[in-house]
Amino acid sequence: MPRNAGRHFLQIPGPTNVPDRVLRAIDYPTMDHRGPDFAELGKAVLNGMRQVFKTKGEVVIYPASGTGAWEAALVNTLSPGDAVLMYETGHFAALWQKMAQKLGLAPEFLAGDWRTGANPARIEQCLREDQPKRIKAVCVVHNETSTGVTSRIAEVRKAIDAAQHPALLMVDTISSLASIDYRHDEWGVDVTVGGSQKGLMLPPGLSFNAISAKALAASKAAQLPRAYWAWDEMIASGKAGYFPYTPATNLLYGLRESLLMLLEEEGLENVFARHQRHAEATRRAVRAWGLEVLAANPAEYSGSLTAVLLPAGHDADRVRKVILENFDMSLGTGLGKLAGKVFRIGHLGDFNDLSLMGTLAGVEMGLTLAGVPVKKEGVAAAMAYLADRQRPVARAAA
Ligand SMILES: *Cc1c(COP(=O)(O)O)cnc(C)c1O
C-alpha cells in the first residue's frame, strides 16, 4: 500500500476522530480495577456521564458497543412476549426492532418514511388505542444515523402522558449524546442508550444506560433472562466507583479526558451550538451544489450528520470510492434501503471550522470527479456562512 501523507479524514458519523489528548490519556498502564485508585476514576466517569445525560439517576457503563446497551435496556425492563412500540425512523431503528424480536419481545413497528422523525401524534394514537395497556415500552432513536433526522423526544414524552399510558420511554442517543441537546430527566426518559465512539470522541468499546427510578422498579419484576447486562450488580458496585467485572479500564481513562473537555473546558451548550453551526453550513453547501438534504423537516435536522441524496442514476457509493481514493476521506455509506442513494457526512465530535471546510472541499471535488452534475458553489456557501456567523466565544463557566 502506498503511503498517504497527512491525516486521513474520518468523516463517517461514527466512529469519529479521537483527539490526540484522549489517545494520550488512554496510553497509560492499566491499573488494578479492584484497587484503591480505581474508585476515584470510576466515580469521576459515572458522575461525568450523569451530567452528559442530564440525570440525577443511575448510569451504568458497559465494556460493549452501543448494541450491547440496546440489549441491556430491553432485557433489564421487559418480560418474554411483552409488546413494545418502536418507530421506524431508519436503519438503526430497524436493527433495534429486530433485536427485540430475537429476544422474544413483540415489537409493533410504526412504519416511517426514513426522512422524518418519530411522529408524536401517531405514538399517542397507538397508546390511546391500547386500552388493555399491553404496550410496555416506547422505543425511539433520538438521532437516526442512517438519515440525519432527529426525533423530538420531549414531544414523544408529552404524547405518552397525553394518552395517560404507563409504558416506559426508551431512547437511543448513540449518535446524539454530547452533540445534540438531550435531557434524560427533564424529558422523562426511562432508559437512555449511549455509546462512546460518536459525540464522546472515544474509540468504540463503551456503552451506557441512564436509568430512571421507574425503569429501575420495572427491572425488579422483568423476566427476560439477563446476566452480563444486569443492572443490579452494576449499580451496586458503581456506588463505590467499581464494576462487577473487568471494565475497559483504558477507555475509562479516555472517557475521563473527554468529559473534562466537554463539560469543563468547552461546556455542553457550546458543544451543541458548534454542532448546529457546522450542520447548517453543511446543508448550505449541499443546496449550493444543487443537491438535496435527505432530512425533510427543518425542526428535525441533525447536528451530527447530513445525509445527501444523489440525483437518480448516480451511485453514492461510487462517489464515496472516488473521494476515498483521491482525497483519503471516508464518508458514511447509505444503509438499508438508502444504499447507493445517499452518502452521509459526519460533522460530529472533535471537529472545527477548518475540518468542515476540508471535508466539504473533498466532497465538492469528489462529486465533480465522479461526474455528478453539481455547481461548484457549496464550499463557498459554507465558508460565507461560517465567516458571517462567528464562532461563539463564550466559555464554560470556570
Ligand atoms: C452507531 C449506532 C448504533 C450502533 O452502535 P454500535 O456501537 O455499532 O453497536 C445504534 N444506534 C445508533 C443511532 C447509532 O448511531
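Novice: Looking at this structure, how should I read the site of the ligand?
Specialist: Lining the immediate surroundings of the ligand are 13 residues, of which Ser65, Thr67, Thr145, Asp172 and Lys198 lie closest. Measuring from an oxygen atom of the ligand, one finds a side-chain N or O atom of Thr67 at 2.5 Å. For the ligand, whose unbound accessible area comes to 380 Å², protein coverage reaches 87%. Considering every element that reaches the shell around the ligand, the biggest residue donor is helix H3 (residues 66-77), with three residues. A per-class count over the shell around the ligand returns four nonpolar, seven polar and two charged.

Novice: Is there a simple way to explain the pairing of strand S2 (residues 58-62) in this structure?
Specialist: The side chains of a regular strand alternate between the sheet's two faces. Counting buried positions along S2 gives five out of five residues, so the element sits mostly inside the fold. Of the two faces of S2, the one carrying Glu58, Val60 and Tyr62 and the one carrying Val59 and Ile61 are both buried.

Novice: Is there a simple way to think about the domain arrangement of the protein in this case?
Specialist: Accessible area lost upon the coming together of the parts serves often as the stated size of an interface. When cut into domains, the protein gives domain 1 (9-16 + 267-388) and domain 2 (20-263). For domain 1 versus domain 2, the distance between C-alpha centres works out to 27 Å. Taken together, the two surfaces of domain 1 and domain 2 that pack against each other cover about 2600 Å², and 57% of this comes from carbon and sulfur. Of all residues in domain 1, Leu268, Phe272 and Glu300 bury the most surface against domain 2, accounting for 24% of the area lost on that side. Where domain 1 packs against domain 2, one counts three salt bridges. With a shortest N-O distance of 3.0 Å, Glu300 and Arg152 are connected by a salt bridge. Of all elements in the fold, only helix H10 (268-289), strand S11 (292-293) and strand S12 (305-309) reach the threshold of two or more residues within the side of domain 1 that touches domain 2. No other element matches the six residues that H10 contributes to the side of domain 1 that touches domain 2.

Novice: I keep staring at the sheet that holds S11 and nothing clicks. Help me out?
Specialist: Across a sheet, paired strands are connected by hydrogen bonds in the backbone, their directions being either parallel or antiparallel. The sheet built from three strands is open, its strands ordered S11-S12-S14 with antiparallel pairing. Here the strands that pair on one side only, and so sit at the sheet edges, are S11 and strand S14 (342-346). Two elements, S11 and S12, share two bridges in a ladder whose sense is antiparallel. When the bridges of S12 are listed, Glu292 appears paired with Leu309. Sitting on the sheet, H10 touches S11, S12 and S14, and the angle it makes with S12 is about 10°.

Novice: Got a minute to help me understand unusual backbone geometry in this structure?
Specialist: A negative phi angle characterises most non-glycine residues, just as the trans form characterises most peptide bonds. Along the chain, Gly14 connects to Pro15 via a cis peptide bond; the corresponding omega equals 0°. Looking at the element boundaries, Pro15 is found in the loop between strand S1 (9-11) and helix H1 (20-26). Despite not being glycine, Gln164 shows a phi value in the positive range, around 50°. Assignment of secondary structure puts Gln164 in the loop between helix H6 (153-162) and strand S8 (168-172). Even without a glycine there, the phi angle at Asp328 is positive, about 55°. With respect to the helices and strands, Asp328 occurs in the loop between helix H11 (316-327) and strand S13 (329-331).

Novice: How do you make sense of the nonpolar core when you look at a structure like this?
Specialist: With 65 residues, the main nonpolar core has Met49, Trp96, Met170, Leu200 and Leu255 as its most contacted residues. Per-element tally for this core: the top contributor is helix H9 (residues 249-266), with eight residues. Looking at which domains feed residues into this core, each of domain 1 (9-16 + 267-388) and domain 2 (20-263) supplies at least three. Once residues lying within four places of it in the same chain are set aside, the contact partners of Trp96 are Trp70, Leu74, Met86, Cys139, Val140, Val141, Met170, Val171, Asp172 and Val193. One finds Ala285, Val308, Val372 and Leu386 within the second-largest nonpolar core, a separate group that totals 32 residues.

Novice: Where do I start with helix H12 (residues 353-369) in this structure?
Specialist: The periodicity of an α-helix, 3.6 residues per turn, causes residues three or four positions apart to be oriented the same way. For H12, built from 17 residues, the straight-helix expectation of 24 Å at 1.5 Å per residue is met to within 8% by its first-to-last C-alpha distance of 24 Å. Buried residues along H12 sit against S1, H10, H11, S13, S14 and helix H13 (378-388). Following H12 by one or two positions, Gly371 has its phi on the positive side, about 80°.

What counts as what
- Think of each chain on its own: its residues are numbered from 1, step by step along the sequence as written.
- The predicted origin of the model limits local features to residues at a pLDDT of at least 70 and limits the giving and counting of side-chain atom pairs to 80 or more, whereas totals for whole chains, interfaces and linings rest on all residues.
- Excluding hydrogens and water, the side-chain figures rest on all heavy atoms present in the structure.
- Distances are taken per atom, and a residue is near a molecule or strand as soon as one of its heavy atoms is within 4 Å of it.
- N or O atoms closer than or at 3.5 Å make up a polar contact, with two conditions inside protein: a donor-capable atom paired with an acceptor-capable one, and, for residues adjacent in sequence, both atoms drawn from side chains.
- To measure how exposed things are, a 1.4 Å probe is used in the Shrake-Rupley method; for residues, cover is taken only from the protein chains shown.
- Elements are defined by DSSP. Helices are runs of H or I of four residues or more, strands are runs of E of two residues or more, and each kind is numbered from the N terminus.
- Residues are grouped as follows: Ala, Val, Leu, Ile, Met, Phe, Trp, Tyr, Cys and Pro are nonpolar; Asp, Glu, Lys and Arg are charged; every other residue, Gly included, is polar.
- With a 1.4 Å probe rolled over the protein chains alone, any residue whose accessible area is under 20% of its type maximum counts as buried; one over 50% counts as exposed, and the rest are partly exposed.
- Marked domain ranges trace back to an automatic or database domain assignment.
- Note: buried area is the sum, over both parts, of the accessible area (probe 1.4 Å) each one loses when the two are combined.
- Throughout this description, the term salt bridge denotes a Lys or Arg side-chain nitrogen within 4 Å of a carboxyl oxygen of Asp or Glu.
- A pair of strands is labelled paired if DSSP reports no fewer than 2 bridges between them.
- Whether two residues are in contact is decided by their heavy atoms: any pair within 4.5 Å suffices.
- Each axis is a line fitted through C-alpha atoms, taken for helices only over the stretch in contact, and angles between the N-to-C directions span 0 to 180 degrees.
- What makes a nonpolar core is a set of buried Ala, Val, Leu, Ile, Met, Phe, Trp, Tyr and Cys residues whose side-chain atoms join them at distances within 4.5 Å.
- Under the convention used throughout, the expected extent of a helix is 1.5 Å for every residue step, that is, one less than its residue count.

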